[in-house]
Amino acid sequence: IMSSIYRENLIRTILENSVAKNWESAVLEWGIEDCLEDETCSESCVCGKFGLRYLYTIHNGRNGIALYPIGSCCIQKFNRNDLNEEISVREGMFRLLHAVEENRFIELTPKFFSRKLINELYDRGAFDNEYNNFDGEEDYLFFLRMFGKRKKEDITDKMHRKIRAIICNSIRPYLNSELAEKVTRRK
């Protein structure tokens, strides 16, 4: 019963803040604007559900209204692949940030990366740094090629060193500068 109350609250909130007056059309008006992470899980979604870790801001492109905070579970109820992929990438970046902060060994594997996450890092300029004269395209293409290799044993020691250098010199500083301030830490 409780989940149906949250669902009803979500539908009502979206319809009240949309131009369209039916759910199927209204959900098409919204896009993800930003995402914060709350390690304390002390915020409530616009639907009323308590305990959000990822706090999204969604923006209506037709009327300019923004809603915050909304949880990924509610955004997934929009049934839009583009938004679901964006959730996966944004939350993947936070997981990668935490691995970096914990000094974990980060491998170029699906545990830490996806093709979409690598593309997003490139689009955001994460591969650009002083070591490549702030033109990260070659490093990005190399990173994608290595990620896509079926036989990981074909990756030479020299290639592994370059992967580590890209993670340490490009991705790690990017995550620290762009995402670290978007995390509310446990005290």
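The structure contained in this document is the topic of the report that follows. All values derive from a computational prediction rather than experimental measurement. (Residues numbered from 1 in each chain as written. Predicted model: local features only at pLDDT ≥ 70, side-chain atom pairs only at ≥ 80, totals over all residues. Heavy atoms only, no water.)

### Some details on the overall build of the protein
Moving on, step 1. Helix and strand content of the protein: seven helices and six strands.
Moving on, step 2. Listing the helices and strands of the protein from first to last along the sequence gives α-α-β-β-β-β-β-α-α-α-α-α-β.
Moving on, step 3. The dimensions of the protein, computed from C-alpha atoms along their principal axes, are 55 × 40 × 30 Å.
Moving on, step 4. Here the protein holds 187 residues, and 41% of them are scored as buried.
Moving on, step 5. Pairs at least 24 residues apart make up 57% of the contacts formed inside the protein by residues separated by at least 6 positions.
Moving on, step 6. About 10600 Å² of surface is accessible on the protein, with carbon and sulfur atoms providing 48% of the total.
Moving on, step 7. Averaging the coordinates of the 29 positive side-chain charges in the protein and doing the same for the 30 negative ones gives two points 5 Å apart. (Helix = DSSP H or I, 4+ residues; strand = E, 2+ residues; numbered from the N terminus. Buried < 20%, exposed > 50% of the residue type's maximum accessible area, 1.4 Å probe, protein only. Contact = heavy atoms within 4.5 Å. Areas by Shrake-Rupley, 256 points an atom, 1.4 Å probe, with all protein chains shown as cover. Lys, Arg positive; Asp, Glu negative; His and termini not counted. Charge placed at Lys NZ, Arg CZ, Asp CG, Glu CD.)

### Some thoughts on helix H4 (residues 81-101)
Moving on, step 1. In this model H4 runs 30 Å from its N-terminal to its C-terminal C-alpha over 21 residues, within 8% of the 30 Å that 1.5 Å per residue would give.
Moving on, step 2. Immediately beyond the C-terminal end of H4, within one or two residues, lies Asn 103, with a positive phi of roughly 55°. (Expected span 1.5 Å × (residues − 1).)

### Some remarks on the sheet that holds strand E6 (residues 183-184)
Moving on, step 1. What the four strands build is an open sheet, ordered E5-E4-E1-E6; its pairing is mixed. One side of each edge strand has no neighbouring strand; the edge strands of this open sheet are strand E5 (66-70) and E6.
Moving on, step 2. Where strand E4 (residues 54-60) and E5 come together, three bridges link them in antiparallel fashion. Bridge pairing in E5 links Ile 58 to Leu 67. (Pairing = 2+ DSSP bridges.)

### Some thoughts on unusual backbone geometry
Moving on, step 1. Residue Pro 69 follows Tyr 68 across a cis peptide bond; omega there is -10°.
Moving on, step 2. As for its placement among the helices and strands, Pro 69 is situated in strand E5.
Moving on, step 3. Within the chain, Phe 134 stands out as a residue other than glycine whose phi angle is a positive 55°.
Moving on, step 4. Along the chain, Phe 134 falls in the loop between helix H5 (115-123) and helix H6 (137-148).

### Section: the pattern of salt bridges
Moving on, step 1. Across all of its chains, the model carries twelve salt bridges by this definition.
Moving on, step 2. A salt bridge links Asp 82 to Arg 80; the nearest nitrogen and oxygen atoms lie 2.7 Å apart.
Moving on, step 3. By relative accessible area, which is 43% here, Asp 82 ends up partly exposed.
Moving on, step 4. Here Glu 85 and Lys 116 are joined by a salt bridge, their closest N and O atoms 3.7 Å apart. Taken as a pair, Glu 85 in helix H4 and Lys 116 in helix H5 lie far apart in primary sequence, 31 residues in all.
Moving on, step 5. Put simply, Asp 34, Glu 86, Arg 90 and Lys 182 are held in one network by salt bridges that share partners. (Salt bridge = Lys/Arg side-chain N within 4 Å of Asp/Glu carboxyl O.)

### A short note on the pairing of strand E1 (residues 30-38)
Moving on, step 1. Alignment of E1 against E4, held across seven bridges, turns out to be antiparallel. Along E4, the bridge assignment pairs Asp 34 with Thr 57.
Moving on, step 2. As judged from the two bridges shared by E1 and E6, these two strands associate in the parallel manner. Note on E6: the bridge partner recorded for Glu 37 is Val 183.

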